[in-house]
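# Fold and contact review
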Amino acid sequence: MQLLLKFSSLLILLFFFNSCKQETRVEQEFMACTYAAFDDNGKELKSFMKEYEQMLFEADILKGTTGKDYMQLLDHLSTGNLEDIVAPDSFLAKVQEMKKPDSDILTACQATIFQDTLRYNTSKILLLETTLNGLNQTGDFKPTLIAKNTAEILTVDDLELDFYKMRVYLLMDMMLINAGVYSTIDRVEATLEREFDLDNALDLKLNAESGLSVDEKPTDIKNLKSLVLAYLRKNESNSVIQLKAENDTAYATYIAVQNEVIAA
């Protein structure tokens, strides 16, 4: 009887741990990948996100730190009225000052998540990205519409996750940059205002079957990093990389290509 009770207790414990594992959301796993790619396991980024949230609260931009408060901020951003937003320093600018994550670790970690296609394809991530891609294709990729659609897709519970909190910070940054509030962010402004000569650009294309071509030549993604490196060494500061994807391109493939370019 004692052995049977111990065995029963073990089954209960296994069930408990397995249940906890199943409740881990895809978004949480993506953030875990991001943190793991940093030398400090994301300690600096986690700390800054908490500090930034507190700054938004103290500036009365967030009324609190719950998902409900983030939903209210999204609703406010969707109106386009930024007159009452006196924001702290740009979130993007501060993140750019941090040491960059290891792209190889990030790509490998994300690849394991994409392999679980059932969980990924039913996640809010894919629904949100598909919706935003649709706005981009129709030429309606405006910050106010992004905020509106994001608020319609996500729930209060979703906005408790760091994955979506970070996206709210970046969306607010985008709107304040467009409004000229962050006019002193040199790196961001240089990217937004520079006119690119695409004649000598490295042309990357993804078709509906998620096949990749580089300068019209079919290419395996595993060879992309070396091709981008060779192009960068040859063209140096005049380098321009152009990535185009058809509507039906798998988002996982798009991210994989993006990660290889960033790695190079």
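First, a word on what this report is: a plain description of the structure on this page. (Residues numbered from 1 in each chain as written. Predicted model: local features only at pLDDT ≥ 70, side-chain atom pairs only at ≥ 80, totals over all residues. Heavy atoms only, no water.)

Here we take up the nonpolar core. The biggest cluster of nonpolar side chains holds 49 residues, and the ones touching the most others in it are Phe 30, Met 49, Leu 77, Leu 159, Tyr 164 and Met 172. Listing elements by their share of this core, those giving two or more residues are α2 (26–36), α3 (43–58), α4 (67–79), α6 (103–115), α8 (124–137), α9 (143–153) and α10 (162–178). Among the elements that take part in this core, α10 stands out by supplying nine residues, more than any other. Look past the residues within four positions of Met 172 in its chain and what remains in contact with it is Tyr 52, Leu 56, Ile 61, Leu 77 and Ile 85. Counting 11 residues, the second largest nonpolar core, distinct from the first, contains Leu 202, Leu 224, Tyr 231 and Val 257. (Core = buried A, V, L, I, M, F, W, Y, C linked by side-chain atoms within 4.5 Å. Buried < 20%, exposed > 50% of the residue type's maximum accessible area, 1.4 Å probe, protein only. Helix = DSSP H or I, 4+ residues; strand = E, 2+ residues; numbered from the N terminus. Contact = heavy atoms within 4.5 Å.)

Our next topic: the side chain of Asn 235. Here Asn 235 shows up in helix α12 (residues 224–235). For Asn 235, a relative accessible area of 13% corresponds to the buried category. A polar contact of 2.5 Å, which involves the side chain of Asn 235, links it to the side chain of Asn 200. (Polar contact = N/O pair within 3.5 Å; in protein donor to acceptor, adjacent residues only side chain to side chain.)

With that settled, the discussion passes to α3. Compared with an ideal rise of 1.5 Å per residue, which puts 16 residues at 22 Å, α3 spans 23 Å between its outermost C-alpha atoms and is within 8% of the ideal. Along α3, the residues that are buried comprise Leu 45, Phe 48, Met 49, Tyr 52, Glu 53 and Leu 56. All buried residues of α3 project into a common sector of 140 degrees when viewed along the axis, lining one side. Of the residues in α3, the exposed ones pointing more than 90 degrees away from the buried face are Lys 43, Lys 50 and Glu 58. (Expected span 1.5 Å × (residues − 1). Arc of directions from axis to C-beta.)

Another aspect to go through is the packing of aromatic side chains. Think of a pair of aromatic rings as described by two things: how far the centres are apart, and how the planes are tilted against each other in angle. Taken as a whole and assessed by the stated rule, the structure comprises 11 aromatic pairs. With 5.1 Å between their ring centres and 90 degrees between their planes, Phe 163 and Tyr 164 make a pair best called edge-to-face. For the pair Phe 163 and Tyr 164, a shared accessibility class is recorded, and that class is buried. Among the aromatic residues, those joined into a cluster by ring pairs are Phe 30, Phe 114, Tyr 120, Phe 163 and Tyr 164. A cation over an aromatic ring shows up here: Lys 46 above the ring of Tyr 35, its NZ or CZ 4.7 Å from the ring centre. Seen from the ring of Phe 163, Arg 167 lies directly overhead, with NZ or CZ sitting 3.7 Å from the centre. (Phe/Tyr/Trp six-rings, centres within 6.5 Å; stacked < 30°, edge-to-face > 60°. Lys NZ or Arg CZ within 6 Å of the ring centre and 35° of its normal.)

Remark: α4 packs on α10, axes separated minimally by 11 Å, with the N-to-C direction vectors making an angle of 25 degrees. Between α4 and α10, the angle falls in the class roughly parallel. Where α4 crosses over α10, the two elements pack in a sense that is left-handed. Every residue of α10 that contacts α4 at Tyr 70, Leu 73, Leu 74 and Leu 77 is listed here: Lys 165, Val 168, Tyr 169, Leu 171, Met 172 and Met 175. Among the residues making up the contact of α4 with α10, the classes are represented as nine nonpolar, no polar and one charged. (Axes fitted to C-alpha atoms, helices over the stretch in contact; angles between N-to-C directions. Parallel < 35°, antiparallel > 145°, perpendicular 65-115°, else oblique. Left-handed = near helix turned anticlockwise from the far one by under 90°. Nonpolar A, V, L, I, M, F, W, Y, C, P; charged D, E, K, R; others polar.)

Now for unusual backbone geometry. Positive phi values are uncommon outside glycine, yet Asp 60 reaches one of about 65 degrees. Assignment of secondary structure puts Asp 60 in the loop between α3 and α4. You can call Asp 60 partly exposed: its relative accessible area is 48%. Its identity as a non-glycine residue notwithstanding, Glu 216 has a phi of 70 degrees, on the positive side.

Geometry only, nothing functional implied.
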